[in-house]
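Spelled out from the first residue to the last, the chains are:
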Amino acid sequence: MKSPCTTHQPLQVLCDLCGCSTSSGSFGFGTLSNANFVGVRYIYQNFESRNGIFEDSPLSKETFNTYQVWAQIPINDSFYVTASLPYQDLTRDFNNIKENLNGIGDANIIGWYKHVFYKKEDETVINFSGEKIASGHSLQFGLGVKLPTGEFEQRLTDNINPGFQVGTGSVDGIFSVGYNYGSDTFGVNTLLSYYLKGENKNDYQFGDQFSYAVNFFTAIPKEKMNIMPFVGLSGDRYDTITQYGETLKDTDGSILNASIGTELAIEKFIFGASYTLPVSQNLFGDNVQSKQRLSLYVNFAL
């Protein structure tokens, strides 16, 4: 059985320091299956922010629920487009006082070019079909934009975790490159992305972000389904936030995450789940701690 991940195309959920907050901007390739699709995804995350320099300083506990509509639409054999629109439901519990934010988050759209590598033809073998044989290796190049469809509130910037926002209020550029390999039983995906953050109308500018991710997976074919368990690493580095041309202290940082999950393909439906924990982190002067992340999705192949 030919693996559906032979020419896998990466799909990201693009979450900077807003909505998905301090989590990895590259925390998912989306589906491992080689399929264009429309689908929905749910992401649960929680954080702890320490309001003070002492160990017994009060903690703010934050829960982020993201409900996302996303899609991968083909243009032709070499070009495709990915897009997503999230709905954010954020809760903050500080000193027994709960605060809730919800609403449409920031949308994004990315255009991708895919270059597939083919096997070198063996002159001693006659190829009756005349078609090139894919080697399993491919490169993808993405160029996109994040739009300020989510609301940004200036009053929330005083929080220890400035990512407690529904939107950034800025237009951001997205630049990505990915390498993928897939055989009948094994595959690997890598993706590097850079987010060039813009300044919003409040003269507030989140720091530029560099994200990286790698997933290793295997295909277990069954009679009526395909199961693909995977493990992965992902990480981010954040530059400092600026406002009115001044750098805000302790607003940069980095995080490295480890993930485990699986994907199940049944006919045109693709079901996926992943669980993520931080391996190491130093966010906002080590005052913000990412705890865990759970992602569930279901897609319909086009």
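Conventions used here
Residues numbered from 1 in each chain as written. Predicted model: local features only at pLDDT ≥ 70, side-chain atom pairs only at ≥ 80, totals over all residues. Heavy atoms only, no water. Helix = DSSP H or I, 4+ residues; strand = E, 2+ residues; numbered from the N terminus. Buried < 20%, exposed > 50% of the residue type's maximum accessible area, 1.4 Å probe, protein only. Contact = heavy atoms within 4.5 Å. Areas by Shrake-Rupley, 256 points an atom, 1.4 Å probe, with all protein chains shown as cover. Pairing = 2+ DSSP bridges. Polar contact = N/O pair within 3.5 Å; in protein donor to acceptor, adjacent residues only side chain to side chain. Patch = residues over 30% accessible without salt bridge, like charges linked within 9 Å, V, L, I, M, F, W, Y side chains within 5 Å. Salt bridge = Lys/Arg side-chain N within 4 Å of Asp/Glu carboxyl O. Phe/Tyr/Trp six-rings, centres within 6.5 Å; stacked < 30°, edge-to-face > 60°.

1. A look at the overall build of the chain
Helices and strands together make up the secondary structure of the chain, namely zero helices and 17 strands. Within the chain, the proportion of its 302 residues that are buried is 49%. A fraction of 64% describes how many contacts in the chain between residues 6 or more apart in sequence connect residues 24 or more apart. Put simply, the chain shows about 14400 Å² of open surface, and 58% of that area lies on carbon and sulfur atoms.

2. So, the environment of Tyr238
Inspection of the secondary structure assignment puts Tyr238 in strand S12 (residues 226-238). Classification of Tyr238 by relative accessible area gives buried; the value is 5%. Linking Tyr238 and Phe284, residues 46 residues apart in sequence, is a C-alpha distance of 9.4 Å.

3. Points about the pairing of S12
Relative to S12, strand S10 (residues 209-218) runs antiparallel, the two sharing nine bridges. Residue pairing across strands places Asn215 opposite Gly232, the latter belonging to S12. Where strand S11 (residues 220-221) and S12 come together, two bridges link them in antiparallel fashion. What sits directly across from Pro221, in S12, is Asn226. Between S11 and S12, which pair antiparallel in sequence order, lie four residues. Sheet topology note: the S12/strand S15 (residues 253-266) ladder contains 13 bridges and is antiparallel. The partner of Leu233 across the bridge, within S15, is Ala258.

4. A few points about the sheet that holds strand S13 (residues 242-243)
Spatially, three strands are ordered S9-S13-S14 in an open sheet, and the strand pairing comes out antiparallel. A strand with exactly one partner marks an edge of an open sheet, and here the two such strands are strand S9 (204-205) and strand S14 (246-247). Note that S9 and S13 share two bridges and pair antiparallel. Within the sheet, the bridge partner assigned to Tyr204 lies in S13 and is Gln243.

5. Here's the deal with the environment of Asn200
Inspection of the secondary structure assignment puts Asn200 in the loop between strand S8 (186-196) and S9. Measuring from C-alpha to C-alpha, the distance between Asn200 and Thr168 comes to 7.3 Å, with 32 residues separating the pair along the chain. Beyond its immediate sequence surroundings of up to four residues, Asn200 is in contact with Phe152, Thr168, Gly169 and Ser170. At 2.9 Å, the side chain of Asn200 and the backbone nitrogen of Asn202 are in polar contact.

6. Some remarks on a nonpolar patch on the surface
Together, Phe141, Leu143, Phe175, Val177, Leu192, Tyr194, Leu196 and Phe210 line one region of the surface with nonpolar side chains, adding up to about 680 Å² of accessible area. Mapped by element, the contributors of at least two residues to the nonpolar patch are strand S6 (134-146), strand S7 (172-182) and S8. By residue number, the principal contributor to the nonpolar patch is S8, which donates three residues. Mapped onto the elements, Leu196 comes out in strand S8.

7. Observations concerning the pairing of strand S4 (residues 97-104)
In the sheet, strand S3 (residues 79-94) pairs with S4 via eight bridges, with the strands oriented antiparallel. What sits directly across from Asp93, in S4, is Lys98.

8. So, unusual backbone geometry
The phi angle at Tyr244 is positive, at roughly 55 degrees, despite the residue not being glycine. Looking at the element boundaries, Tyr244 is found in the loop between S13 and S14. A residue is classified by how much of its surface remains accessible, and Tyr244, at 58% relative accessible area, is exposed. Phi angles above zero are rare outside glycine, and Glu267 is one such case at about 50 degrees. Mapped onto the fold, Glu267 is located in the loop between S15 and strand S16 (269-283).

9. Quick notes on the packing of aromatic side chains
In this structure the tally under the stated criterion is 14 aromatic pairs. Look at Trp70 and Tyr297: their rings are 5.9 Å apart centre to centre, the planes differ by 70 degrees, and that puts the pair in the edge-to-face class. In this pair, Trp70 sits in strand S2 (residues 59-74) while Tyr297 sits in strand S17 (residues 288-301), placing the two residues 227 residues apart along the sequence. This pair shows no difference in class: Trp70 is buried, exactly as Tyr297 is. On the basis of an interplanar angle of 35 degrees and a centroid distance of 6.1 Å, the ring pair of Phe210 and Tyr212 is categorised as tilted. What links up through ring pairs into an aromatic cluster is the set Phe37, Trp70 and Tyr297.

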